[in-house]
Amino acid sequence: MTTLQTKHAANTPKRLLAGVALGLLVAAGLPSAAHAQTYNSAGWTILQPAEDTRFVFVSSSQGDDRNSGRSPAQAVKTIARAKQAMRDGKPDWMLLRRGDTWNESFGVWNLSGRSVNERVVIASFGESDERPKIVVTDESVIGSPYQQDVSHVAIVGLHMEANRPGASASRGIRWLSTGKDLLIEDCLIDGFKDNITVEGQGDGFSNVAIRRNIIVDSWSSDGHSQGIFLNNIVGALMEENVIDHNGWNDNIPDAGANTFKQNVYVQRGVREVIFRGNITSRAAAAGVQLRSGAIAENNLIYANPMGLRFGYPDDDNISTGAIRNNVVLGGPLSRYDGGIGIWTERLEDVEVTGNVIAHAPAGDSDIIAFTLGGFARNVLFEGNVTYGWNTGDTGISLKTSSDVNSNVIFRGNIWAPGTADFKVVYLRHPENIQFDSNTIVNIGTQDRVFRAADQTMTLSDWNNLPNVGTDRLQSPTFVDPSRDLGAYARELGFADETAFLNAARQLSRRNWRPELTAAAAADWIRAGYALSPN
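Residues numbered from 1 in each chain as written. Predicted model: local features only at pLDDT ≥ 70, side-chain atom pairs only at ≥ 80, totals over all residues. Heavy atoms only, no water.

Colleague: Account for the overall build of the chain, with residues named and values stated.
Modeller: Counting its regular elements, the chain contains six helices and 40 strands. Within the chain, buried positions represent 60% of all 534 residues. Contacts in the chain between residues at least 24 apart in sequence constitute 74% of all its contacts with a sequence separation of at least 6. Here the chain has roughly 19,100 Å² of accessible surface; of this, 44% comes from carbon and sulfur atoms. (Helix = DSSP H or I, 4+ residues; strand = E, 2+ residues; numbered from the N terminus. Buried < 20%, exposed > 50% of the residue type's maximum accessible area, 1.4 Å probe, protein only. Contact = heavy atoms within 4.5 Å. Areas by Shrake-Rupley, 256 points an atom, 1.4 Å probe, with all protein chains shown as cover.)

Shown next, in the form of structure tokens:
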């Protein structure tokens, strides 16, 4: 924990701020120059007040709306009163007292900051380990005005909770504006129809950073539901979040899982995306859906009917980027008809490297580790491992249905079913797809494990195809391929993977435990397959 570095904060004397522990630490790391941020050594975005910053302190337990709000001792009581004291176009800070609760929203937020270095900030102050909590019933906690420019806003360290006695369509954060620069960091957002929605209007929104948040338990009984939904944005970073159990609630009638409810749903209108170092788990459908492509790296993807979906079958859609060093694991699913690890479609200039897909869920269809469909040009799959991605004799390591291919290479991958009699590769259109130096492990009846077009074949027949170099049957040097999330949880002293996820849901700036992050868990699991840590 740090105290605010006041420097030239003219509106609040240093003697008043000297002992005020704000709910801010400071840090991050984004995709391009447009995302440039500054981070401290602990990885939190650095937020500094300007010379003319106005601080407005708010406390539901100790404040009074007759106060000025200009110091902790003069805190106002309501968010509405605090908002009245904020100024548009200025780097003002609204600071909510940690441990307090408000049953009111921020309403329509139409206040911009001055620049990316002089944002308007909504954050916290005080010594409690609990974030300030905002509870709403049938409205959004905070939303931007439709089609208006609202820029340079930071929302940091808040707990947003939905109290939904029925099927209300309340949202946590609902940003439907033009403009640029929105930071959402260290927030706990739970139980809304959509926990976070950012959808640019008109010419769109640019530069959204969603970092180190806990985004959980969204649900809907009468429509779609997402943990995160993004559309019409240039520049989106989602980094080191815990995104768990979104889209469904088995305790609510008609709120069960279906294919339209996701942990993360990034529409085709979003470009320059980074999805990095997140835990995305137990979704209704996809752990993450990246329709226009992205850099998707170092994520832990657990117990989702679809792990990572990259691309979309629309003829106008081409997806670019990279899928690298992710760990995709099976587990108990929200619904039984699932089991796709990494699903890719309509790719150009994409690398898929260093991923582990292991221990398939107990589904009854679509048990496929990697799938490639629609279109592929200049695509490399290299150094990936599949292990045990089958249920009995149902399952495929790689299935391709792309019918227009150019320079598509599968090289140095390891395909290891947990049992024999398992289809390894199924190519509907083998033309212009090259295979070389892949390793196949533990295959039984060899006349059924490869299929090219409509012909099944043995490994020997496979290697005689003109587009196959030398794929080989042998045992790899796995250290411990039984590693999964449950094993990692027990390594840390937890009973099982559920206990691990429950602990990860408690992460915050005040309680940041690196061993509970996606990077730590994924590195430990990858090491079991003799792959180097990230």
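Colleague: For the pairing of strand β1 (residues 55–58), give the residues involved together with the corresponding values.
Modeller: Burial of the side chains of β1 extends over both faces: F55 and F57 are buried on one face and V56 and V58 on the other. Here β1 runs beside strand β2 (residues 93–97); their pairing, made up of four bridges, is parallel. Paired with F55 across the two strands is W93, which belongs to β2. Of the crossover connections in this fold, the one passing from β1 over helix α2 (residues 79–84) to the parallel β2 is right-handed. (Pairing = 2+ DSSP bridges. Right-handed = clockwise from strand over helix to strand, strands pointing away.)

Colleague: So what's going on with the nonpolar core? Residues and values would help.
Modeller: If you look at the biggest cluster of nonpolar residues, it comprises 89 residues, and the most contacted ones within it are F106, W109, I155, W175, L230 and F435. Looking at this core, the element that brings in the most residues is strand β30 (residues 368–382), giving six residues. Residues L300, V327, F478 and Y529 belong to the second largest nonpolar core, which totals 34 residues. (Core = buried A, V, L, I, M, F, W, Y, C linked by side-chain atoms within 4.5 Å.)

Colleague: An account of helix α5 (residues 497–504) is needed here, citing residue identities and associated values.
Modeller: For α5, the set of buried residues is F500, L501, A503 and A504. Here the buried residues of α5 occupy an arc of 160° about the axis, which is enough to place them on one side. Between a side-chain oxygen at the N-terminus of α5 and the backbone nitrogen of T498 the separation is 3.2 Å; the capping residue is D496. (Arc of directions from axis to C-beta. Polar contact = N/O pair within 3.5 Å; in protein donor to acceptor, adjacent residues only side chain to side chain.)

Colleague: A description of unusual backbone geometry should follow, citing residues and the corresponding values.
Modeller: At N232, a residue that is not glycine, the phi angle is positive and equals roughly 55°. For N232, a relative accessible area of 25% translates into the label partly exposed. You will see that A303, though not glycine, has its phi angle at about 60°, which is positive. Position of A303 among the secondary structure elements: in the loop between β24 (300–302) and β25 (306–310). Residue A303 is classed as buried on the basis of its relative accessible area, which comes to 0%.

Colleague: Run through helix α6 (residues 518–527), naming residues and quoting values.
Modeller: For the α-helix, the turn length of 3.6 residues means that residues three or four positions removed from each other point alike. Counting buried residues in α6 gives seven out of ten residues, a clear majority hidden from the surface. Listing the buried residues of α6 in full gives A518, A521, A522, D523, W524, I525 and R526. For α6, the elements touching its buried residues are β21 (279–281), β24, β27 (327–329), β29 (356–358), α4 (485–491) and α5.

Colleague: Which residues make up the pattern of salt bridges, and what are the values?
Modeller: Following the criterion strictly, the structure yields 27 salt bridges and no others. The residue E297 makes a salt bridge to R276 at a minimum N-O spacing of 3.7 Å. In this pair, E297 sits in strand β23 (residues 293–297) while R276 sits in strand β20 (residues 270–276), placing the two residues 21 residues apart along the sequence. One exposure class covers both E297 and R276, and it is buried. With a closest N to O distance of 2.9 Å, E382 and R411 form a salt bridge. With a gap of 29 residues between them, E382 in strand β30 and R411 in strand β33 (residues 405–411) connect regions that are remote in the sequence. You can call R411 partly exposed: its relative accessible area is 31%. One salt-bridge network, in which partners are shared between bridges, spans E185, R211, R212, E239, E240, R276, E297, R324 and E351. (Salt bridge = Lys/Arg side-chain N within 4 Å of Asp/Glu carboxyl O.)

Colleague: An account of the side chain of S151 is requested, with residue identities and associated values reported.
Modeller: In this fold, S151 is placed in the loop between β7 (142–143) and β8 (153–156). Apart from the residues lying within four places of it in its own chain, the contact partners of S151 are S112, G113, G179, K180 and D181.

Colleague: Give me the lowdown on the environment of T400, citing residues and values where you can.
Modeller: Looking at the secondary structure, you find T400 in strand β32 (residues 396–400). By relative accessible area, which is 0% here, T400 ends up buried. Once you skip the residues sitting within four places of it in the chain, T400 turns out to touch L372, F410, Y426, L427, R428, H429 and I433.

Colleague: Tell me what's going on with the packing of aromatic side chains, and back it up with residues and numbers.
Modeller: By the definition in use, this model includes 17 aromatic pairs. Seen in terms of ring centroids, W44 and W512 are 5.3 Å apart; in terms of plane orientation they differ by 80°. Their pairing is edge-to-face. In this pair, W44 sits in the loop between α1 (14–17) and β1 while W512 sits in the loop between α5 and α6, placing the two residues 468 residues apart along the sequence. Note on W415 and F435: the rings are 6.3 Å apart at their centroids and 65° apart in plane angle, and the pair reads as edge-to-face. Linking W415 in strand β34 (residues 414–416) with F435 in strand β36 (residues 433–436), this pair joins segments that are 20 residues apart in sequence. Among the residues examined, W415 registers a relative accessible area of 2% and is labelled buried. An aromatic cluster is defined as three or more aromatic residues linked by ring pairs; in this entry it consists of F370, F381, F410, W415, F435, F450 and W462. Lying over the aromatic face of W219, R164 brings its terminal NZ or CZ to 3.8 Å of the ring centre. Positioned above the aromatic ring of W44, the side-chain terminus of R212 is 4.6 Å from the ring centre. (Phe/Tyr/Trp six-rings, centres within 6.5 Å; stacked < 30°, edge-to-face > 60°. Lys NZ or Arg CZ within 6 Å of the ring centre and 35° of its normal.)

In short, shape yes, function no, at least from these values alone.
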